[in-house]
Amino acid sequence: DQQVKQNSPSLSVQEGRISILNCDYTNSMFDYFLWYKKYPAEGPTFLISISSIKDKNEDGRFTVFLNKSAKHLSLHIVPSQPGDSAVYFCAARAISGGSYIPTFGRGTSLIVHP
Amino acid sequence: DGGITQSPKYLFRKEGQNVTLSCEQNLNHDAMYWYRQDPGQGLRLIYYSQIVNDFQKGDIAEGYSVSREKKESFPLTVTSAQKNPTAFYLCASSHGDLDYGYTFGSGTRLTVV
C-alpha cells in the first residue's frame, strides 16, 4: 500500500507558466516532507523540504505548500523553465515517531515546453 | 570536492551470476542507503546502514546483500536469487537520522541478460 502517492505520472507546461506537482500521503506520523528532482540516468538531487509545523516554504522559484488536514502537499514552480524538465519525487518521513527513512512516491515527469 | 561515487555507470551480467555494485562517499556521512528504481515504481529501499559493521533490510532486500566495513564504502551484491535484477540502482548517504536530506550517487544501470 502506497503511503506517498503522486497520482499524476506526467505533467506538461508551457515555459513561463506555473507548474504544480501534487503529492498525497496516508501516514499521519509523517512530519517532514521533501522534494527531489531527477534527470535521466542521474541520481536525484534535493530540491526543497517542509516541516509539518509550517504550511509553506519558499526557495526562489520553488514553493512547497503543506495541507496537513488534507494530507496533501504541492510543489509550485514559477516561472517554469525548460531546464526544469525532470522527474520530481515527493518523499515523507516521520522524524518524531517511527523510522527516519523517507518513503518516496512514484514520481511525476514534468515537461516544460519552450 | 565531496561527493558520492557509484561505479560502474552501466553493468551487464549473465543470468545466474552475482554482481557487486560499488558505492563510495567522502562526505563523512554516517548513514548509507541502497535504492532501486524501476519505471513507474519510484525509489524502493533495499538496504541501509547507520554505522560501520551494521546494516538493516529495507523493503525489498530479498536477493541482495551488503557490507559496511568502512564508513566510506557500502557495496551492494545482487545475487542470483534476485528474480528481476535488471534495474537502475541508486546509492545515497546522509548524516544519520537528524539529517533531512540525502545525497545521491549518479546511479548504476544493471542489465542482466
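Overview of the structure. (Residues numbered from 1 in each chain as written. Chains lettered and ligands numbered in written order. Predicted model: local features only at pLDDT ≥ 70, side-chain atom pairs only at ≥ 80, totals over all residues. Heavy atoms only, no water.)

A word on the interface of chain A and chain B
Let me state the cut-off plainly: Throughout, a residue-residue contact means that at least one pair of heavy atoms, one from each residue, lies within 4.5 Å. Defined here as a combined quantity, buried area equals the accessible surface (1.4 Å probe) lost by two parts on assembly, summed across both. Polar contact criterion, stated in full: a pair of N or O atoms within 3.5 Å, where within protein one must be able to donate a hydrogen and the other to accept it, and residues adjacent in sequence count only if both atoms are side-chain atoms. Only DSSP runs of H or I covering at least 4 residues are called helices, and only runs of E covering at least 2 are called strands; the numbering of each starts at the N terminus.
Each partner contributes residues to the interface: chain A has 18 residues there, and chain B has 24 residues. Between chain A and chain B the total buried area reaches about 1,700 Å² when both faces are included, carbon and sulfur atoms providing 62% of it. Inspection of the chain A/chain B interface yields four residue pairs in polar contact (both at pLDDT 80 or more). Counting residues per element, the side of chain A that touches chain B draws most heavily on strand E4 (residues 32–38) of chain A, at four residues.

Examining the sheet that holds strand E8 (residues 76–78) of chain B
Residue and element names in this part refer to chain B. Applied cut-off: At least two bridges found by DSSP between two strands is the condition for calling them paired. In this analysis an axis means a line fitted to C-alpha atoms, helices contributing only their contacting stretch, and an angle means the value between N-to-C directions, from 0 to 180 degrees.
Read from one edge to the other, the open sheet built from four strands follows the order E1-E3-E8-E7, with strand pairing classed as antiparallel. Strands with a single pairing partner mark the edges of an open sheet, and in this sheet they are strand E1 (4–7) and strand E7 (64–66). The average undirected angle you get between the axes of adjacent strands in this sheet is 20°. As defined by bridge partners, strand E3 (residues 19–25) adjoins E8 across three bridges and the pair is classed as antiparallel. Pairing of Val19 across the sheet is with Val78, part of E8.

So, the pattern of salt bridges
Inclusion rule: In the sections that follow, a salt bridge refers to a side-chain nitrogen of Lys or Arg positioned within 4 Å of a carboxyl oxygen of Asp or Glu. Buried, partly exposed and exposed residues are distinguished by accessible area as a fraction of the type maximum, computed with a 1.4 Å probe on protein chains only: under 20%, between the cut-offs, and over 50%, respectively.
Counting across every chain of the model gives six salt bridges over all chains. Across the salt bridge formed by Arg61(A) and Asp84(A), the nearest N and O atoms sit 2.8 Å from each other. Here the residue Arg61(A) occupies a position in the loop between strand E6 (56–59) and strand E7 (62–67), and Asp84(A) occupies one in the loop between strand E8 (72–77) and strand E9 (86–93), the gap between them amounting to 23 residues. Lys71(B) serves as the salt-bridge partner of Asp30(B), at 3.3 Å between the closest nitrogen and oxygen. With Asp30(B) in the loop between E3 and strand E4 (31–38) and Lys71(B) in the loop between E7 and E8, the pair connects residues that are 41 residues apart, well separated along the chain. What makes Asp30(B) partly exposed here is its relative accessible area of 33%.

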